[in-house]
Amino acid sequence: MKSPFIIAAVADNLAIGRHGEIPWHLRADLIRFKKLTTGHAVVMGRRTFESIGRALPNRLNIVVSKSLRDVPEGVVICRSLDEALSYGDARSDLPCAVIGGAALYKEALPLADTLELTRVKVSPQDADTFFPEWQNGAYALVRAENELTENGIAFSFETWKRS
């Protein structure tokens, strides 16, 4: 199995969500997400899929769920992360992109060689979904872009590789 990569926008307090939505809107982050995931299989949990509400174009959309039954055309349901990654690997030469949510990130972290992170310089106090702790020496920062600001929010793009 090819090693998947993880892509996420993560706040200073590791927040990634609030009430089923991303707690900020950063157009540059969405553009980067599209650039890095187009052509790949994107693997997501049920709640992430429901928050997106549709299949992402030009990607193989795989939802990991034991309960979801009814999905639009272009979306595949798998019962586990391993099944999803095997399905994606069999249909593409590119690695799978794990795009959320928190439980799937936690499960994928030991498998991923690369983290593509947008580091958002905020700490939403009302967040209810968090990225797992990952800065334990398993990954090294290999690329960081200059800090940007959009909608009054500072952020930067970082690439981390398993060390």
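See above for the structure.
If you're wondering where the values come from, they're calculated on a predicted model, not measured in any experiment. (Residues numbered from 1 in each chain as written. Predicted model: local features only at pLDDT ≥ 70, side-chain atom pairs only at ≥ 80, totals over all residues. Heavy atoms only, no water.)

Asker: Tell me about the nonpolar core, residues and numbers included.
Answerer: Counting 27 residues, the largest nonpolar core has Ile6, Val43, Leu115, Leu117, Phe131 and Trp134 as its most contacted members. Mapped by element, the contributors of at least two residues to this core are β1 (5-11), β3 (41-45), β4 (60-64), β5 (75-78), α3 (81-91), α4 (102-108) and β7 (114-120). If we ignore the near neighbours within four places in the chain, the residues touching Phe131 are Ile6, Ala8, Val10, Leu14, Ile16, Tyr105 and Leu117. One finds Ile7, Val42, Val75 and Ala97 within the second-largest nonpolar core, a separate group that totals 11 residues. (Core = buried A, V, L, I, M, F, W, Y, C linked by side-chain atoms within 4.5 Å. Buried < 20%, exposed > 50% of the residue type's maximum accessible area, 1.4 Å probe, protein only. Helix = DSSP H or I, 4+ residues; strand = E, 2+ residues; numbered from the N terminus. Contact = heavy atoms within 4.5 Å.)

Asker: I'd like a rundown of the environment of Ala154, residues and numbers included.
Answerer: Along the polypeptide, Ala154 turns up in strand β11 (residues 153-162). Of the residues examined, Ala154 reaches a relative accessible area of 17% and is grouped as buried. Distance from Ala154 to Arg119, taken between C-alpha atoms, is 8.6 Å for residues 35 residues apart in sequence.

Asker: Residue-level account of the environment of Asp89, with values.
Answerer: Relative to the helices and strands, Asp89 resides in helix α3. Judged by its relative accessible area of 14%, Asp89 is buried. Separated by 49 residues in sequence, Asp89 and His40 have C-alpha atoms that sit 9.5 Å apart. Excluding residues that lie within four positions of it along the chain, Asp89 makes contacts with Met1, Lys2 and Cys96. A distance of 3.0 Å separates a polar atom in the side chain of Asp89 from the backbone nitrogen of Lys2. (Polar contact = N/O pair within 3.5 Å; in protein donor to acceptor, adjacent residues only side chain to side chain.)

Asker: So, the pattern of salt bridges: which residues are in play, and what are the values?
Answerer: Close approach of charged atoms allows side chains with opposite charge to pair. Tallied over the full model, the rule gives six salt bridges. Residue Asp113 pairs with Arg162 through a salt bridge whose shortest N-O separation is 3.7 Å. A residue pair is termed long-range when its members are at least 10 positions apart, and Asp113 in the loop between α4 and β7 and Arg162 in strand β11 qualify at 49 residues. Here Arg162 falls in the partly exposed class, since its relative accessible area comes to 32%. (Salt bridge = Lys/Arg side-chain N within 4 Å of Asp/Glu carboxyl O.)

Asker: Can you explain the packing of aromatic side chains? Please cite residues and give values.
Answerer: Enumeration according to the criterion identifies three aromatic pairs in this entry. Between Tyr105 and Phe131, the aromatic rings sit 4.9 Å apart at their centres with planes inclined by 55°, giving tilted as the arrangement. You can see Tyr105 sitting in helix α4 and its partner Phe131 sitting in the loop between β8 (129-130) and β9 (139-144), a full 26 residues away along the chain. For Tyr105, a relative accessible area of 4% translates into the label buried. Overall, the relative accessible area of 2% leaves Phe131 in the buried class. Ring centres of Phe155 and Phe157 lie 5.6 Å apart, and the angle between their planes is 65°; this geometry places the pair in the edge-to-face category. Comparing Phe155 with Phe157 shows no difference in burial state: the two are buried. If you follow Arg91 out to its NZ or CZ, it ends over the ring of Tyr87, 3.5 Å from the centre. (Phe/Tyr/Trp six-rings, centres within 6.5 Å; stacked < 30°, edge-to-face > 60°. Lys NZ or Arg CZ within 6 Å of the ring centre and 35° of its normal.)

Asker: Which residues make up the pairing of β1, and what are the values?
Answerer: Regular strands have side chains that alternate between both faces of the sheet. Of all the seven residues making up β1, seven are buried; the element is thus mostly covered by neighbouring parts of the structure. Of the two faces of β1, both are covered, the one formed by Phe5, Ile7, Ala9 and Ala11 as well as the one formed by Ile6, Ala8 and Val10. Bridge analysis of β1 against strand β6 (residues 97-100) gives two bridges, and the strand direction is parallel. Following the sheet pairing, Phe5 is matched in β6 by Ala97. Bridge count between β1 and β7: seven bridges; the pairing is parallel. Across the sheet, residue Ala9 finds its bridge partner in β7, namely Thr118. (Pairing = 2+ DSSP bridges.)

No statement about biological role is implied by the geometric values presented.
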